[in-house]
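Observations on the three-dimensional arrangement
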Amino acid sequence: LDWSLVPEEMQTDPEFSIEAIQRNPRVYTELSESMRSNDRIARVAIETDGVEDDVILEATEQCPQLLCDRDAMLVIARSWHTDVLQETLRFSPIEVRDDKEIMLEAVK
């Protein structure tokens, strides 16, 4: 569904956006910048099954604090293709790169 067809009051409703992302993570890329920069919404986007690399990349660009969050980085390590994961880890703090569980997920 073209996101522009969704009524504006729904597009600006965080709960509606979260439910829409859980059904189709690609919706995240259609949200307004203010909605994409919402940490909770970005976290849902990266944690949703079937999320694609470009959605995760957009979420971490909009909410770079996710790169410092161990739980978020574990999800990313489990979801991403190796080349994109390596790029993301370059921007993560040393504490994340020193995390054994994250690194084990990254090398598989």
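Scroll up a little and you will see the structure.
Everything numeric in this text was worked out from a predicted model, so none of it was measured. (Residues numbered from 1 in each chain as written. Predicted model: local features only at pLDDT ≥ 70, side-chain atom pairs only at ≥ 80, totals over all residues. Heavy atoms only, no water.)

1. Some words on the overall build of the chain
A count of helical and extended segments in the chain gives 9 helices and 0 strands. For the chain, the N- to C-terminal ordering of α and β elements is α-α-α-α-α-α-α-α-α. C-alpha atoms of the chain, sized along the principal axes, occupy 45 × 20 × 20 Å. Taking all 108 residues of the chain together, 42% fall into the buried category. In the chain, the share of contacts with a sequence separation of at least 24, taken over all contacts with a separation of at least 6, comes to 47%. Carbon and sulfur atoms form 49% of the exposed surface of the chain, whose accessible area is close to 6,400 Å². The centroid of the 11 positive side-chain charges in the chain is displaced by 7 Å from the centroid of its 25 negative side-chain charges. (Helix = DSSP H or I, 4+ residues; strand = E, 2+ residues; numbered from the N terminus. Buried < 20%, exposed > 50% of the residue type's maximum accessible area, 1.4 Å probe, protein only. Contact = heavy atoms within 4.5 Å. Areas by Shrake-Rupley, 256 points an atom, 1.4 Å probe, with all protein chains shown as cover. Lys, Arg positive; Asp, Glu negative; His and termini not counted. Charge placed at Lys NZ, Arg CZ, Asp CG, Glu CD.)

2. Digging into the pattern of salt bridges
All chains considered together, the criterion is met by 10 salt bridges. Among the salt bridges present, the one from R70 reaches E101, with a minimum N-O distance of 2.7 Å. On the criterion of sequence distance, the pair formed by R70 in helix α6 (residues 70-79) and E101 in helix α9 (residues 100-107) is long-range, its members being 31 residues apart. The class for R70 is partly exposed, based on a relative accessible area of 36%. Notably, a salt bridge pairs R78 with E105, separated by 3.5 Å at the nearest N-O pair. Of this pair, R78 sits in helix α6 while E105 is found in helix α9, placing the two residues 27 residues apart along the sequence. (Salt bridge = Lys/Arg side-chain N within 4 Å of Asp/Glu carboxyl O.)

3. What about the layout of surface pockets?
A probe matching the size of a water molecule, rolled over the atoms, marks out where space remains unfilled. Approximately 260 Å³ is the volume attributed to the largest pocket. Along the walls of the largest pocket sit L1, W3, V6, F16, E19, A20, R23, N24, R26, V27 and E30, which together make up its complete lining. Its residues assigned to classes, the lining of the largest pocket comprises 6 nonpolar, 1 polar and 4 charged. (1 Å grid on protein atoms, 1.4 Å probe; cavity = no way out; pocket = protein on both sides within 12 Å on 5 of 7 lines; lining within 4 Å. Points joined across faces, edges and corners; volume = space filled by probe spheres on them. Nonpolar A, V, L, I, M, F, W, Y, C, P; charged D, E, K, R; others polar.)

4. Considering the side chain of T48
Here T48 shows up in the loop between α4 (39-47) and α5 (53-62). A relative accessible area of 10% means that T48 is categorised as buried. Within the structure, T48 has its side chain in polar contact with the backbone oxygen of V44 (distance 2.6 Å). (Polar contact = N/O pair within 3.5 Å; in protein donor to acceptor, adjacent residues only side chain to side chain.)

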